[in-house]
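# Analysis of the macromolecular model
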Amino acid sequence: MTQDELKQAVARAALDYVLEGQLVGVGTGSTARLFIEALGEIKHKISGAVASSEDTKTRLERHGIKVFDLNEVTDLPVYIDGADEINAEMHMIKGGGGALTREKIVAAVARKFVCIVDGSKLVPVLGSFPLPIEVIPMARALVTRELTRIGGTPVLRQGFVTDNGNLILDVRGLQIVDPVDLETRINQIAGVVSCGLFASRAADVCLLGTSDGVRTLTAD
Ligand code: 5RP
């Protein structure tokens, strides 16, 4: 199976986690886009969605799905999103698409985080994928120095501005042995809006696309 077919399979499998008559939180990226396509087919069964980016909002609305402002929402049963890497503890690197801050906010409200990935995203140690950090523009140089101090090599994502008007630093060279600790440390740097490590709020379930079918993983 191709990577796209594996993504397609997990996107469809995620429909099982969507509760009838309820809201669903929707992530960003190519796998989330396939999930939106699948969600469009059962849109009459849900009350609406919460989007993690402007792109996702546009796509949901194009499918006739009502999109709610997160501030209007008190209960979000499930959030469904892809990841750039995930480990056995369900810690993730996210933000390859630059939507990490809104993704983290929607995930924080959701009762259940379902991560949908093809098999290549499951890794023993996070960090081969450059860690995205969203930064207030005036803090770019300061945050770059601080990330270098902790052993990373930050590179400014060229020509990219987030939905929140900020910049992304992609940090290479990190072997992330303690994701919760590193997420906390990076969050403490002045000027960091959010860090692409999703460890304090990990996924609850991972639907992993493999050539043998969709595997359902939970934390070890
Ligand atoms: C966007 C994300 C995506 O979930 C992540 O980049 C994975 O994307 P894809 O499904 O295209 O592989 O975090 O900010």
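Residues numbered from 1 in each chain as written. Predicted model: local features only at pLDDT ≥ 70, side-chain atom pairs only at ≥ 80, totals over all residues. Heavy atoms only, no water.

### Remarks on the sheet that holds strand 12 (residues 205-210)
Threshold: Being paired, for any two strands, means DSSP has found at least two bridges between them. Strands are runs of DSSP state E lasting at least 2 residues, helices are runs of H or I lasting at least 4, and numbering of each runs from the N terminus. As a rule, the C-alpha atoms of each element are fitted with a line to give its axis, helices using only the stretch in contact, and angles between N-to-C directions run from 0 to 180 degrees.
Read across the sheet, six strands follow the order 2-1-3-6-12-13 without closing on themselves; strand pairing throughout is mixed. Every other strand in the sheet has two partners, leaving strand 2 (48-51) and strand 13 (213-217) as the edge strands with one partner each. The mean angle between the axes of side-by-side strands here comes to 25 degrees, regardless of whether they run parallel or antiparallel. Looking at chain direction, strand 12 and strand 13 are connected through five bridges and run antiparallel. Each residue of the ladder has a partner; that of Gly-209, found in strand 13, is Val-214.

### Quick word on the environment of Asp-220
Rules: Partly exposed residues are those whose accessible area sits between 20% and 50% of the maximum for their type, while under 20% is buried and over 50% is exposed, using a 1.4 Å probe and protein chains only. When checking whether two residues touch, look at their non-hydrogen atoms; a contact exists if any pair is within 4.5 Å.
Take Asp-220: it is sitting in the segment after strand 13. For Asp-220, a relative accessible area of 78% translates into the label exposed. When the C-alpha positions of Asp-220 and Ala-88 are compared, they lie 6.2 Å apart, and in sequence the two are 132 residues distant. For Asp-220, the residues in contact, after removing those within four places along its chain, are Ala-88 and Glu-89.

### Points about the site of the ligand
Heads up, the rule is: Residues are classed as near a molecule or strand on a simple rule: at least one heavy atom within 4 Å of it. Definition of a polar contact: a pair of N or O atoms within 3.5 Å, with one able to donate and the other able to accept a hydrogen when the atoms are protein atoms, and with sequence-neighbouring residues admitted only if both atoms are side-chain atoms. Only the protein chains shown count as covering a residue, and every accessible area follows the Shrake-Rupley method with a 1.4 Å probe. Both cavities and pockets are sets of points on a 1 Å grid over the protein atoms alone; in a cavity a 1.4 Å probe fits but cannot get out, in a pocket the set is open with protein on both sides within 12 Å along at least five of seven lines, and lining residues sit with an atom within 4 Å of a point. Criterion for pocket placement: a molecule counts as inside a cavity or pocket if more than half of its atoms are within 2 Å of its grid points. In this count, Pro and Cys sit with the nonpolar residues alongside Ala, Val, Leu, Ile, Met, Phe, Trp and Tyr, while Asp, Glu, Lys and Arg are called charged and the others, Gly among them, polar.
In the neighbourhood of the ligand, 17 residues make up the surrounding shell, with Ser-30, Thr-31, Asp-84, Gly-95 and Lys-121 lying closest. Separating an oxygen atom of the ligand from a side-chain N or O atom of Ser-30 is a distance of 2.5 Å. One of the backbone N or O atoms of Gly-98 is found 3.4 Å from an oxygen atom in the ligand. For the ligand, whose free accessible area comes to 380 Å², the fraction covered by protein is 91%. In a pocket analysis with a 2 Å cut-off to the grid points, the ligand is assigned to the second largest pocket. A per-class count over the shell around the ligand returns two nonpolar, nine polar and six charged.

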